[in-house]
Amino acid sequence: MILWVFTGYCNIPFGDFASLRTFFELASVLLIVVVPCVTMKIRLQGMALRKFQAVWSVLALAIVPTIVYAVSLNIISRDGIDAGMIACGYIGLLLVAATFSAVDIFCASSVKNKFVACLIGIVSNAIIYYGFDYISAMLTGNLHGGISLWGIFSHYSALVRGVVSYGDILYFISVTFLFLWLALLSNNNNKVKLWRDLAFIAMLVIVNILSNIYICPWDVTTDKRNTLRPQTCRLIR
């Protein structure tokens, strides 16, 4: 109703061009609350990887039917949809769902009370999604952009715009692996091997730093709206 009926910023048919950007923005915010609730309902004690597969599969099955939005938008729009940007948005949404699933499985494995684990999961999702951007907004200089890269929002926003880079994909994969690994550690009664664990975390940090230094963005939009024109490049030079 918000996306198709009510007028305003979120209304898709009355947008400037055929895009599902508002849907992706609202869906990612909705996942902050939905994923912990789904995680709380699925019962697979002591099996972090299997629980992750189950939670992420449920979320993927819930996301796939929304492709009808893209089909409907393509029918009612005059020039058609930007298939590359919409496909990139769906990839980003699935990656966000995977990251939230890993975070909430870690919260569920660390807290015995399911209701408390659900609340902690919601707060954790909100912090990792918006928190770093709020912190970066209060800073200036090089720290402003560097802090925001530790959160989901900046990486997800790039994908929703139709820009794919190694840094964004590696960010989601590394954060998902990190929290799944922490969930496995919390489920095991064995002592934590400090050096092995620190080496694993350091490797993830270094990979993310390098991927954000050597950025290789790929504009998948049809009209290359995120790419500077040659005339603009010459003017800047």
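Residues numbered from 1 in each chain as written. Predicted model: local features only at pLDDT ≥ 70, side-chain atom pairs only at ≥ 80, totals over all residues. Heavy atoms only, no water.

1. Describing the confidence of the model for the chain
Looking at the chain as a whole, the pLDDT averages 77, with 71% of positions reaching at least 70. Mean pLDDT across the elements of the chain bottoms out in helix α10 (residues 230-236) (54) and peaks in helix α4 (residues 83-110) (90). (pLDDT = per-residue confidence, 0-100. Helix = DSSP H or I, 4+ residues; strand = E, 2+ residues; numbered from the N terminus.)

2. Some remarks on the environment of Arg-21
Structurally, Arg-21 is set in helix α1 (residues 21-41). When its relative accessible area of 36% is taken as the criterion, Arg-21 is described as partly exposed. Arg-21 sits 140 residues away from Arg-161 along the chain, and the two C-alpha atoms are 7.6 Å apart. Once residues lying within four places of it in the same chain are set aside, the contact partners of Arg-21 are Val-160 and Arg-161. (Buried < 20%, exposed > 50% of the residue type's maximum accessible area, 1.4 Å probe, protein only. Contact = heavy atoms within 4.5 Å.)

3. A closer look at a nonpolar patch on the surface
Residues Val-64, Ile-67, Val-71, Ile-75 and Ile-76 make up a contiguous nonpolar surface patch of roughly 480 Å² in combined accessible area. Structurally, Val-71 can be placed in helix α3 (residues 67-76). With relative accessibility at 45%, the residue Val-71 sits in the partly exposed group. (Patch = residues over 30% accessible without salt bridge, like charges linked within 9 Å, V, L, I, M, F, W, Y side chains within 5 Å. Areas by Shrake-Rupley, 256 points an atom, 1.4 Å probe, with all protein chains shown as cover. Salt bridge = Lys/Arg side-chain N within 4 Å of Asp/Glu carboxyl O.)

4. Observations regarding the packing of α1 against helix α5 (residues 114-137)
Where α1 meets α5, the axes come as close as 9 Å, and the angle between the chain directions of the two elements is 155 degrees. Accordingly, the angle class assigned to the pair α1 and α5 is roughly antiparallel. In this structure, α1 crosses over α5, and the sense of that crossing is right-handed. For the pair α1 and α5, the contacting residues are Ser-28, Val-29, Leu-31, Ile-32, Val-33, Pro-36, Cys-37 and Met-40 in the first and Lys-114, Phe-115, Cys-118, Gly-121, Ile-122, Asn-125, Ala-126, Tyr-129 and Tyr-130 in the second. Of the residues in the contact of α1 with α5, the class split is 13 nonpolar, 3 polar and 1 charged. (Axes fitted to C-alpha atoms, helices over the stretch in contact; angles between N-to-C directions. Parallel < 35°, antiparallel > 145°, perpendicular 65-115°, else oblique. Left-handed = near helix turned anticlockwise from the far one by under 90°. Nonpolar A, V, L, I, M, F, W, Y, C, P; charged D, E, K, R; others polar.)

5. What to know about the side chain of Thr-176
Residue placement: Thr-176 occurs in helix α8 (residues 166-187). The exposure class of Thr-176 is buried, given its relative accessible area of 9%.

6. Side note on the nonpolar core
Counting residues in hydrophobic clusters, the biggest one holds 42 residues, and the most contacted among them are Phe-24, Phe-100, Ile-152 and Tyr-156. Looking at this core, the element that brings in the most residues is α4, giving 13 residues. The residues contacting Phe-100, other than those within four sequence positions of it, are Ser-28, Leu-31, Ile-32, Val-35, Asn-125, Ile-128, Tyr-129 and Ile-152. (Core = buried A, V, L, I, M, F, W, Y, C linked by side-chain atoms within 4.5 Å.)

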